[in-house]
Amino acid sequence: MATVAGSRLLDHVLSSHQFDRPLLDAVFARARALAAVRDGRLAGRIMATLFYEPSTRTRLSFESAMLRLGGAVIGTEAAREFSSAIKGETLEDTIRMVSAYADIIVLRHDEAGAAARAAAVADVPIVNAGDGPGEHPTQALLDLYTIDSELGHVEGLHVALCGDLRYGRTARSLALLLSLFPNVRLTFVAPDVVQMRPDILALMAARGVPYTVTDSLGDTVHDVDVLYQTRVQKERFEDASEFERARGDTRIDVSVMQRLPEHAIVMHPLPRVDEIDPAVDSDPRAAYFRQARNGVAIRMALLEMLLA
Ligand code: CP
């Protein structure tokens, strides 16, 4: 269980709500210190990855992080089909079992709240690697770390969160972390059908974070420090016509980049479909592949803090 002076305990990673400024500083300091480390400090420890939804970055960067620290990895990448979930086993029973086989469980699930349910019955730390439309706190940590690394600070920035803000768990988790920094301004850019949900907007208001809600990227782009794009989460729509309306007009292409300030950065949690034109990739302000690489160091820091 990790502790930081003046901070709450970190025994699981379930939500961005768990993090305060001292704990963020501690995670980022460990990520910077561990980025180039390849040693055996977690030798003998086992991480289980239980993924009920597909993943490239989160699962493989956690596995890479564990291997770089000398630990071992077990897991299933399609747990809905290839674990005993298909026989009807509950998530709780699966977690009780995997707790006996591993020292930490990294869980991705399609239901909001699944990670908290797992933590309630687990004997080992649970890391929420994305719970449906709920949260993706380790992504938010690497996103915030990227902003700080690229721009040198977070205070006072204007961040536009774009795309599918209703189902996009990364934007929800990142908004929560950004709200801890003074003078941050947020703009939520999305068609009505996928705008940010009222719980996050209410929290921004309660924390005194100035925010704007709009469906127009054009009105915003000239004034932002961070343009954070997200994919429309097609797999979460039951109504195809609603999905078409959700696609909106927030695509980032070369003409958008011409209006973006020179110092600004474009981020995306990835995977990308068509919401950022590949022609943007060669622009030095396109930070999304550097952002994804930061995932390994952040996850090394979390594994060390939870296990060492
Ligand atoms: N950003 C992210 O969660 O990517 P994956 O779905 O590939 O893990």
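As a convention, each chain's residues are numbered from 1 in the sequence order in which they are written. Local features in a predicted model are, by the rule used here, given only for residues with pLDDT of at least 70; side-chain atom pairs are given and counted only at 80 or more, and totals for whole chains, interfaces and linings are based on all residues. By convention in this description, side-chain values take in all heavy atoms of the structure and omit both hydrogens and water.

Chemist: Give me the lowdown on the overall build of the protein, citing residues and values where you can.
Modeler: Regarding its fold elements, the protein presents 11 helices and nine strands. Put simply, the radius of gyration uses C-alpha atoms, and a globule should come to 2.2 Å times the residue count raised to 0.38. For 308 residues, the compact-globule estimate of 2.2 N^0.38 gives 19 Å, and the protein sits close to it at 19 Å. For the protein, the C-alpha atoms occupy an extent of roughly 55 × 45 × 40 Å along the three principal directions. Expressed as a percentage of the 308 residues in the protein, the buried residues total 59%. All accessible areas in this document rest on Shrake-Rupley with a 1.4 Å probe, and a residue is counted as covered only by the protein chains that are shown. Put simply, the protein shows about 12,500 Å² of open surface, and 51% of that area lies on carbon and sulfur atoms. For the protein, the centre of its 33 positive side-chain charges and the centre of its 42 negative side-chain charges are spaced 3 Å apart. Labels follow the DSSP assignment, with helices taken as runs of H or I lasting at least four residues and strands as runs of E lasting at least two, numbered in each case from the N terminus. Type-normalised accessible area, obtained with a 1.4 Å probe on protein chains alone, sets the label of each residue: buried when under 20%, exposed when over 50%, and partly exposed for intermediate values. Residues scored as charged are limited to Lys and Arg (positive) and Asp and Glu (negative), so that His and the chain ends carry no count. Charge positions come from single atoms, namely NZ of Lys, CZ of Arg, CG of Asp or CD of Glu.

Chemist: Talk me through the environment of Lys-234; I want residue IDs and the actual numbers.
Modeler: Position of Lys-234 relative to the elements: it lies in the loop between strand E8 (226-228) and helix H9 (240-247). Spatially, the C-alpha atoms of Lys-234 and Glu-244 are 9.4 Å apart, while their sequence positions differ by 10 residues.

Chemist: I'd love a proper account of helix H5 (residues 114-121), names of residues and values included.
Modeler: Of all the residues in H5, the buried ones are Ala-114, Ala-115, Ala-118, Ala-119 and Val-121. The inward-facing, buried residues of H5 contact helix H4 (91-101), strand E3 (104-109) and strand E4 (126-131). Any two residues whose heavy atoms approach within 4.5 Å are treated as being in contact.

Chemist: Break down the environment of Pro-191 for me, with residues and values.
Modeler: Here Pro-191 lies in the loop between strand E6 (185-189) and helix H8 (198-206). For the pair Pro-191 and Leu-227, spaced 36 residues apart in the sequence, the C-alpha separation amounts to 16 Å.

Chemist: So what's going on with the side chain of Thr-220? Residues and values would help.
Modeler: Here Thr-220 is to be found in the loop between strand E7 (211-214) and E8. In contact with Thr-220, not counting residues within four places along its chain, are His-158, Ala-160, Thr-187, Val-189 and Thr-214.

Chemist: So what's going on with the site of the ligand? Residues and values would help.
Modeler: Proximity is defined per residue: any heavy atom of the residue falling within 4 Å of a molecule or strand makes that residue near it. Taken together, the residues surrounding the ligand are Ser-55, Thr-56, Arg-57, Thr-58, Arg-108, His-136, Gln-139, Pro-269 and Leu-270. The term polar contact refers here to a pair of N or O atoms within 3.5 Å; inside protein, the definition further demands a hydrogen-donor-capable atom paired with an acceptor-capable atom, and it admits residues adjacent in sequence only when both atoms are side-chain atoms. At a separation of 2.9 Å, an oxygen atom of the ligand approaches a polar side-chain atom of Arg-108. Leu-270 places a polar main-chain atom, nitrogen or oxygen, 2.9 Å from a nitrogen atom of the ligand. Here the ligand has 250 Å² of accessible area as a free molecule, and 92% of this is covered by the chains. Residue polarity is assigned by list, with Asp, Glu, Lys and Arg as charged and Ala, Val, Leu, Ile, Met, Phe, Trp, Tyr, Cys and Pro as nonpolar; anything else, Gly included, falls into the polar class. Looking at side-chain class alone, the shell around the ligand contains two nonpolar, five polar and two charged residues.

Chemist: Give a detailed account of the packing of helix H7 (residues 169-178) against H8, specifying residues and quantitative values.
Modeler: To obtain an axis, a line is fitted to C-alpha atoms, over the contacting stretch when the element is a helix, and the angle between two such axes runs from 0 to 180 degrees between their N-to-C directions. Contact geometry for H7 and H8: axes closest at 10 Å, N-to-C directions at 10°. The angle between H7 and H8 places the two elements in the roughly parallel class. On H8, the residues that touch Arg-172, Ala-175 and Leu-176 of H7 are Asp-199, Ile-200, Leu-203 and Met-204. A breakdown of the residues in the contact of H7 with H8 according to their chemical character gives five nonpolar, no polar and two charged. Geometric relationships in this document are graded by angle, where less than 35 degrees denotes roughly parallel, more than 145 denotes roughly antiparallel, 65 to 115 denotes roughly perpendicular, and other angles denote oblique.

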